[in-house]
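Descriptive structure summary
Here's the letter readout for the chains.
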Amino acid sequence: MQDLAAEIRDRAGAVLANPRGWALFLDIDGTLLRMAPTPDAVTVPPELPSLLASLADGLGGALAIITGRRVVEADRLLAPVKLVASGVHGTELREEPQGPIKMLAEPVPADVIEMMASVSRIAEGILVEAKGSGAAVHYRNAPAAQRAIESEVARIIGLSSYDLVLRRGRKVLEAVPRGFSKGQALMDLMRRPPFKGRRPLMIGDDVGDETALKAADALSGVGLKVAGEHFSRDEADFGGVQEVRTWLGLLAERLGQEQDASLLSARGG
């Protein structure tokens, strides 16, 4: 593991030098979990929930999931652990791990959802997902239909009286309310305890994560990129999901060492 840590770029290594001064923000798909043919088909390593719980504890609760999924979906994947979370590109927020999920945007109107659902007729393998305050069209199983799908989703957004914008992702197109983003979610959380006063560290892999990566950099923090379908290996800090999880293990180990040293010092050892 130490050999891998030495290979990871200096920006990631700097976090390990003083981990308690950071707040950690994590995307799920393509960052913590490998991409799958459909959102429900992802595989969660059995050790991941406990790793995230350990990190949250070591950071004094300053860990949040920033995802395009709904918060309830993040909970299902990471059960039994619950974390501070922002869902559907900043339109859902849970400020405390055991707190309520707040809807920060109005639900997408039923007629828009109905029109979005019709996009599945373009080609076999297209999956349309209603997300409350957003809607997503997954085309990983119908990549040749991308242009037709994008044209139709843009048309639907143009017809809607609800102010929606098109967000592109890894083989997914999403319609979400204007003014919301993962970056805005990160900035909002950084104004609240226990994140306030720390430096933000965001790890993400996709177009939708770029606003949060930039927000972290703008707040004197760090945005770390994961290589995949969006970021190339040359521009990324991590070569893939496994490197991210291994590095998070190193971070948890470092936090544990600091916690043990603090306890020893408090006891006069």
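Being a predicted model, the structure only gives us computed values, none of them experimental. (Residues numbered from 1 in each chain as written. Predicted model: local features only at pLDDT ≥ 70, side-chain atom pairs only at ≥ 80, totals over all residues. Heavy atoms only, no water.)

**Let's talk about the nonpolar core**
Counting 59 residues, the largest nonpolar core has Leu24, Phe25, Leu55, Ile203, Trp247 and Leu248 as the members making the most contacts within it. When near neighbours in sequence (up to four residues on either side) are disregarded, leucine 248 contacts Leu24, Leu26, Leu32, Leu51, Leu55 and Ile203. (Core = buried A, V, L, I, M, F, W, Y, C linked by side-chain atoms within 4.5 Å. Buried < 20%, exposed > 50% of the residue type's maximum accessible area, 1.4 Å probe, protein only. Contact = heavy atoms within 4.5 Å.)

**Topic: the environment of arginine 147**
Within the secondary structure layout, arginine 147 lies in helix α6 (residues 146–159). Residues arginine 147 and threonine 91, spaced 56 residues apart in sequence, show a C-alpha to C-alpha distance of 27 Å. (Helix = DSSP H or I, 4+ residues; strand = E, 2+ residues; numbered from the N terminus.)

**Notes on the pattern of salt bridges**
Considering all chains together, one arrives at 21 salt bridges under this definition. Between glutamate 73 and arginine 76 there is a salt bridge, with the nearest N and O atoms lying 2.8 Å from each other. Residue glutamate 73 and its partner arginine 76 are located together in helix α4 (residues 71–78), separated by 3 residues, close to a single helical turn. Overall, the relative accessible area of 42% leaves arginine 76 in the partly exposed class. For aspartate 209, the salt bridge is made with lysine 182, and the minimal N-O distance between the two is 2.7 Å. In this pair, aspartate 209 is assigned in the loop between β10 (199–204) and α8 (210–218) and lysine 182 in helix α7 (residues 182–189), connecting sequence segments 27 residues apart. There is no split in this pair, since aspartate 209 and lysine 182 are both buried. Several salt bridges converge on common partners, so that one network encompasses Asp29, Asp40, Arg69, Glu73 and Arg76. (Salt bridge = Lys/Arg side-chain N within 4 Å of Asp/Glu carboxyl O.)

**Quick look at the sheet that holds strand β7 (residues 135–138)**
Pairing within the open sheet is antiparallel, and its 4 strands lie in the order β6-β7-β9-β8. The sheet is open, and its two edges are formed by β6 (127–130) and β8 (164–169), each paired on a single side. Strand-to-strand, the axes of this sheet are offset by a mean angle of 20°, without reference to chain direction. Where β6 and β7 come together, 4 bridges link them in antiparallel fashion. From the neighbouring strand, glutamate 129 faces β7, where its bridge partner is alanine 136. (Pairing = 2+ DSSP bridges. Axes fitted to C-alpha atoms, helices over the stretch in contact; angles between N-to-C directions.)

**Observations regarding the pairing of β10**
In terms of residue burial, β10 counts as a mostly covered element, since 5 of its 6 residues are buried. Pairing of strand β1 (residues 22–26) with β10 involves 5 bridges; the strand directions are parallel. Paired with leucine 24 across the bridge in β10 is leucine 201. Relative to strand β11 (residues 222–225), β10 runs parallel, the two sharing 4 bridges. Looking at the pairing, leucine 201 lines up with valine 222 of β11. At this point the chain moves from β10, through α8, to the parallel β11, and the crossover so formed is right-handed. (Right-handed = clockwise from strand over helix to strand, strands pointing away.)

**Re the packing of α7 against α8**
Contact geometry for α7 and α8: axes closest at 6 Å, N-to-C directions at 35°. Every residue of α8 that contacts α7 at Lys182, Gly183, Leu186 and Met187 is listed here: Thr211, Ala212, Ala215 and Ala216. A breakdown of the residues in the contact of α7 with α8 according to their chemical character gives 5 nonpolar, 2 polar and 1 charged. (Nonpolar A, V, L, I, M, F, W, Y, C, P; charged D, E, K, R; others polar.)

**Some points on the pairing of β1**
Burial analysis of β1 places 5 of its 5 residues in the buried class, the great majority of the element. Of the two faces of β1, the one carrying Trp22, Leu24 and Leu26 and the one carrying Ala23 and Phe25 are both buried. Note: β1 against strand β2 (residues 63–66), 3 bridges, orientation parallel. Among the inter-strand pairings, leucine 24 is bridged to a residue of β2, identified as leucine 63. Crossover handedness for the path β1 to helix α3 (residues 48–58) to β2: right-handed.

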